[in-house]
Amino acid sequence: METYLPLAVLAFIIEAIIESLVLAVEAVRSKKDVIKQVGPLLLGAVLCPLAEVDAFAFSGVPLSVPYVGAVLTGLAAARLANGLQDAYTRLKPKS
């Protein structure tokens, strides 16, 4: 099971970054919700390196360039935050 963890982390991060970038580009092109789409990407790319959060190092896949793993983790975290917000909005009781 441990041998699949690095592959799973890489797959998750690649997918999350691509989806985040697609949404951000669409927002910029349409000039709608730009802050909501681009803001989390920027915050994640800044906060994860500052907090030393690196999913690559955690999974045993150290990258040769320092901080790149933390920046990529931040970009993926932005997508995760977006998904959690969407789930919260759907599950929140309507009043």
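Placed above this text is the structure.
Residues take numbers from 1 onward in each chain, read along the sequence in its written order. Only residues with pLDDT of at least 70 are given local features in this predicted model, and only at 80 or more are side-chain atom pairs given and counted; all residues enter the totals for whole chains, interfaces and linings. Side-chain calculation: all heavy atoms of the structure are included, whereas hydrogens and water are not.

*Asks:* Got a minute to help me understand the packing of helix α2 (residues 34-51) against helix α4 (residues 68-91) in this structure?
*Replies:* Helix packing geometry: the angle between the two helix axes and the distance between the axes. Here, axes are lines fitted to C-alpha atoms. For helices the fit covers the stretch in contact, and angles between N-to-C directions go from 0 to 180 degrees. Numbered from the N terminus, helices here are DSSP runs of H or I no shorter than four residues, and strands are runs of E no shorter than two. Interaxial distance between α2 and α4 falls to 7 Å at its minimum, and their mutual angle equals 135°. Between α2 and α4, the interaxial angle falls into the category oblique. In this structure, α2 crosses over α4, and the sense of that crossing is right-handed. Facing α2, whose interface residues are Gln37, Pro40, Leu41, Gly44, Ala45, Cys48 and Pro49, α4 presents Ala70, Val71, Thr73, Gly74, Leu75, Ala77, Ala78 and Asn82. Every angle not falling under 35 degrees, over 145, or within 65 to 115 is termed oblique; those three ranges are roughly parallel, roughly antiparallel and roughly perpendicular. If you view the pair so one helix is near and one far, a crossing is left-handed when the near helix is turned anticlockwise from the far one by less than a right angle, and right-handed when it is turned clockwise. Throughout, a residue-residue contact means that at least one pair of heavy atoms, one from each residue, lies within 4.5 Å.

*Asks:* Would you mind going over the nonpolar core with me for this structure?
*Replies:* Proteins that are soluble and globular tend to have nonpolar side chains buried together. Here the nonpolar core consists of buried residues drawn from Ala, Val, Leu, Ile, Met, Phe, Trp, Tyr and Cys, with membership extended through side-chain atoms lying within 4.5 Å. For every residue, the accessible area obtained with a 1.4 Å probe (protein chains only) is divided by the maximum for its type, and the residue is called buried under 20%, exposed over 50%, and partly exposed between those limits. Residues Val9, Ile13, Ala16, Ile17, Ala24, Leu41, Phe56, Val61, Leu75, Ala76 and Ala78 constitute the largest nonpolar core, which totals 11 residues. If you list the elements that add at least two residues to this core, you get α1 (5-30) and α4. Of the residues forming this core, the biggest block, 5 residues, is contributed by α1. If near-sequence neighbours (up to four positions away) are discounted, Leu75 is found in contact with Ile17, Ser20, Leu41, Gly44 and Ala45.

*Asks:* So what exactly am I meant to see when it comes to a nonpolar patch on the surface here?
*Replies:* Distance thresholds for patches are 9 Å for like charges and 5 Å for nonpolar side chains (Val, Leu, Ile, Met, Phe, Trp, Tyr), applied to residues having over 30% relative accessible area and no salt bridge. Per-residue accessibility takes into account occlusion by the displayed protein chains alone, with areas from the Shrake-Rupley method and a 1.4 Å probe. By salt bridge we mean one thing: a side-chain nitrogen of Lys or Arg within 4 Å of a carboxyl oxygen of Asp or Glu. A surface patch of nonpolar side chains, about 420 Å² in accessible area, is lined by Leu43, Val46, Leu47 and Leu50. Looking at where Leu47 falls in the secondary structure, it is placed in helix α2.

*Asks:* Help me out: how do you make sense of α4 in this one?
*Replies:* In an α-helix, one turn spans 3.6 residues, which is why side chains three or four residues apart end up on the same side. The length a helix should cover is 1.5 Å for every residue beyond the first. End to end, α4 covers 35 Å across 24 residues, agreeing with the expected 34 Å (1.5 Å per residue, within 8%). The inward-facing, buried residues of α4 contact α1, α2 and α3 (55-58).

*Asks:* I'm lost on the packing of α1 against α2 in this one. Help?
*Replies:* Contact pair α1 / α2: the axes reach a minimum separation of 8 Å and the direction vectors enclose 140°. Viewed along their axes, α1 and α2 adopt a mutual orientation that is oblique. In the crossing of α1 with α2, the sense of the turn from one axis to the other is left-handed. Every residue of α2 that contacts α1 at Ser20, Leu21, Leu23, Ala24, Ala27 and Val28 is listed here: Val34, Gln37, Val38 and Leu41.

*Asks:* Sorry, what's going on with unusual backbone geometry here?
*Replies:* Here Asp33, not a glycine, exhibits a phi torsion of approximately 60°, which is positive. Tracing the backbone shows Asp33 in the loop between α1 and α2. Note on Asp33: relative accessible area 42%, which makes it partly exposed. Phi at Glu52 is positive, roughly 55°, even though this residue is not glycine. Structurally, the position occupied by Glu52 is in the loop between α2 and α3.

*Asks:* Just to check I follow, could you spell out the environment of Ala57 for this structure?
*Replies:* With respect to the helices, strands and loops of the structure, Ala57 is situated in helix α3. Among the residues examined, Ala57 registers a relative accessible area of 46% and is labelled partly exposed. Once the C-alpha coordinates of Ala57 and Gly74 are considered, the two residues, 17 residues apart in sequence, prove to be 13 Å apart.

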